[in-house]
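# A structural walkthrough
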Amino acid sequence: AEGGAGKANRHSKVLRTMDASMPHARKRRQGWTEEEEESIKAGVEQYGVGEWLKILEVHDVVFVNRTTMDLKDKWRNMQKYPRVEIEAGDGAEAG
């Protein structure tokens, strides 16, 4: 099978603009979509925590310009700060 030891993971890919005037350019921060968060949850359920490359490859259409480190960090933050679901109609009533 091809892609063994020489296969680069998505963490190692250069996702920033490389310019001589900006030798240490950083990747621009982008917010996370609900679809990306759901894909991380589904990937962890199917493959387990730590299988970030597999999750990234399977959901490559969803995770555009994301790295394995991005997924790991987002998963950690999702566990640390769970999103509270607010149902429609659970607000203060007009009156």
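Look above for the structure.
Below: a short report on this structure. The shown structure was predicted, so the numbers you read here are calculated from the model rather than taken from an experiment. Here the residue numbers are simple positions, counted from 1 along each chain's written sequence. Where local features are concerned, this predicted model is filtered to residues with pLDDT of at least 70; where side-chain atom pairs are given and counted, the filter is 80 or more; whole-chain, interface and lining totals use all residues. For the side-chain quantities, the full set of heavy atoms in the structure was used; hydrogens and water were omitted.

Attention now goes to the pattern of salt bridges. A carboxyl oxygen of Asp or Glu within 4 Å of a side-chain nitrogen of Lys or Arg is what we treat as a salt bridge. Inspection of the entire model under this criterion finds six salt bridges. A salt bridge links glutamate 37 to arginine 83, with the nearest nitrogen and oxygen atoms 3.1 Å apart. Residue glutamate 37 is located in helix α1 (residues 34-47), and its partner arginine 83 is located in the segment after α3 (68-80); the two are separated by 46 residues in the primary sequence. Using a 1.4 Å probe on the protein chains alone, a residue whose accessible area is under 20% of its type maximum counts as buried, one over 50% counts as exposed, and one in between counts as partly exposed. Look at glutamate 37 and you get buried, because its relative accessible area is 7%. Given a relative accessible area of 53%, arginine 83 falls into the exposed group. Among the ionic pairs, arginine 76 bridges to aspartate 73, the shortest N-O distance being 3.3 Å. With arginine 76 and aspartate 73 both in helix α3, this residue pair falls three residues apart, about one helical turn. Salt bridges here are not isolated pairs; linked through shared partners, they connect Glu37, Lys74 and Arg83. A run of H or I in DSSP counts as a helix once it spans at least four residues, and a run of E counts as a strand once it spans at least two, with each numbered from the N terminus.

Moving on, we come to the environment of lysine 54. If you trace the backbone, lysine 54 turns up in helix α2 (residues 52-58). Residue lysine 54 is classed as partly exposed on the basis of its relative accessible area of 39%. Note: C-alpha distance between lysine 54 and valine 44 (10 residues apart in sequence) is 9.8 Å.

Attention now moves to the nonpolar core. Put simply, buried Ala, Val, Leu, Ile, Met, Phe, Trp, Tyr and Cys residues joined by side-chain atoms within 4.5 Å make one nonpolar core. Counting 10 residues, the largest nonpolar core consists of Ile40, Val44, Trp52, Ile55, Leu56, Val62, Phe63, Leu71, Trp75 and Met78. For this analysis, residues touch if any pair of their heavy atoms sits within 4.5 Å. For methionine 78, the contacting residues outside a window of four places in its chain are Glu37, Ile40 and Lys41.

One can find glycine 31 in the segment before α1. Owing to a relative accessible area of 60%, glycine 31 belongs among the exposed residues under this scheme. If we skip the residues at most four places from it in the chain, glycine 31 touches Glu36 and Arg66.

Quick look at the side chain of serine 39 now. Inspection of the secondary structure assignment puts serine 39 in helix α1. The class of serine 39 is buried, set by a relative accessible area of 7%. Excluding anything up to four places from it in sequence, serine 39 contacts Ile55, His59, Val62 and Phe63.

One less than the number of residues in a helix, times 1.5 Å, gives the span that helix is expected to have. Taking 1.5 Å of rise per residue, the 13 residues of α3 would be expected to cover 18 Å, and the 18 Å separating its terminal C-alpha atoms lies within 8% of that figure. When α3 is considered as a whole, its buried residues turn out to be Thr68, Asp70, Leu71, Lys74, Trp75 and Met78. In a view along the axis of α3, the buried residues occupy a sector of 155°, so they form one face of it. Buried residues belonging to α3 abut α1 and α2. The reported arc concerns the directions from the helix axis to the C-beta atoms and nothing else.

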